[in-house]
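What the coordinates show
Next come the chains, spelled out residue by residue.
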Amino acid sequence: MDKLKKAAEYILDSLISSGGDMAQVSVSEGRVEEFNVDAGEFSLIRSVFNSGASMKVIKDMKKGTAAVNQLDKEAVDNAVAECITAAETGVKDEALSIAEKEENEDFVSGALSPDKEKFFDSLLKFIDDVKEQFPEIMLEQVIASYSYGKHVVANTNGVLFTEEDGSYSVSIMYSAHNDTAVTSFNCVVVDYLDPSQDILEAADVRLMLERAVEELKAEPFTGKFTGTAVFSPACLSEFVSTITDSFTGDMSLIEGTSPWKDSLGKKVAHDDFNVSVIPLSDDIVCGERITSDGYKAENFDVIKDGVLESFCLSEYAARKTGLPRAKSSSGCIRVKSGKKSLDEIIKNIENGILVCRFSGGEPAGNGDFSGVAKNSFLIKDGKIAQPLSETMISGNLALMVKCVEGISEESVNYGTCIMPYAAFGGITVSGAN
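Observations regarding the pattern of salt bridges
Going through the model one piece at a time under the given rule, you end up with 16 salt bridges. Lys116 is paired through a salt bridge with Glu33; the nearest N and O atoms lie 3.8 Å apart. Separated by 83 residues along the polypeptide, Lys116 in helix H3 (residues 116-133) and Glu33 in strand E1 (residues 22-38) bring together distant segments of the chain. Residue classification places Lys116 among the partly exposed residues on the basis of a relative accessible area of 42%. Two residues, Glu34 and Arg46, come together in a salt bridge whose shortest N-O distance is 3.3 Å. Placement of Glu34 in strand E1 and of Arg46 in strand E2 (residues 41-59) is noted, with a sequence separation of 12 residues between them. Residue Glu34 is classed as buried on the basis of its relative accessible area of 11%. Judged by its relative accessible area of 39%, Arg46 is partly exposed.

Here you go:
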């Protein structure tokens, strides 16, 4: 870590001696041990070592940034010169600043050294288990990796944070095949700390593969109805991230386009809809200890009992808008589980759809969205009916979160986020006429 601290100090000194008024730097080094599987067979085993730095300087209230992927003196000096030039040619902005000094800390978390033998054995077991238990499943690509990193964040206000962490991750892209049908692909990513983790039993991997086999019987949907969409945990994660980005993030608040721009402290969602950012939770793998702006990360509520408790603003956006800065810049989101089982929720749905993957563009400024529900199932008269081939769904995100019809007691932990199933009314489902 001393090497990284010295590099950070050198970069800060160089930026200031080159004319900068204030500066901030992030310096890191690490390694990745990676195993790749393509079409069910091992295709790559490699170790990758990395190091680099990103820097920001403010000169005459104009910002310059630069990044470098090596830490030798020549590369660093070139990046410093680039950073200064960018500031000199930038646009003056009175909202520019760097993080204020807090109590400096050193953070350590996760698995700091890999057990490659156990990790490899767990991957072999997963491949064999899938071949034996799910012969219809094609593992299109599996990327299993161990990542370790050291990280230093420092600035000219005296901020000096260090972080060291390590974790395992598996990304599984798959589809189902038989003699007459092929399903759409799907993907699941799980982070964890135990190299012996049974991958098939991690998160909802087994259930997702079971559903993929069922999807081989998919039928096209005809007609149109407005009813209930039940989002799977993985799909809900994507929707919640879209909501927080579109309604509480930097650009929508700076530009004033967010439907929630005047709603801080006000009701924006159903009482049962609770969204928190939890990078420090024991249930999150490594999480975040230092924000991208150079502050110590904290857990916080975005929506609590339907009330908008916080925007998700960077330091710059907070200064630009006069609104509070978010306490974390991570995507470690938890939607609080409810009191009903998924089966109980589905029993109360007359017409609906279980959405396991969504493919669509960015929502409109008012929250309108539309796209294709993939890997999904029709819900009819309180039961999950046939799997559906690609079916359109549409709705409005701001209205959707007010029309919660159920949050499941079951939750799935992917290591970086924790999500239940969630049922939302007012969703339009349409197919071929």
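Let us keep going from here.
Describing a nonpolar patch on the surface
Together, Phe42, Ile45 and Leu124 line one region of the surface with nonpolar side chains, adding up to about 250 Å² of accessible area. Examined against the element boundaries, Leu124 turns out to sit in helix H3.

Re unusual backbone geometry
If you check the backbone angles, Met61 has positive phi at about 60° while not being a glycine. With respect to the secondary-structure elements, Met61 resides in the loop between E2 and strand E3 (62-68).

The rules behind each value
Residues numbered from 1 in each chain as written. Predicted model: local features only at pLDDT ≥ 70, side-chain atom pairs only at ≥ 80, totals over all residues. Heavy atoms only, no water. Salt bridge = Lys/Arg side-chain N within 4 Å of Asp/Glu carboxyl O. Helix = DSSP H or I, 4+ residues; strand = E, 2+ residues; numbered from the N terminus. Buried < 20%, exposed > 50% of the residue type's maximum accessible area, 1.4 Å probe, protein only. Patch = residues over 30% accessible without salt bridge, like charges linked within 9 Å, V, L, I, M, F, W, Y side chains within 5 Å. Areas by Shrake-Rupley, 256 points an atom, 1.4 Å probe, with all protein chains shown as cover.

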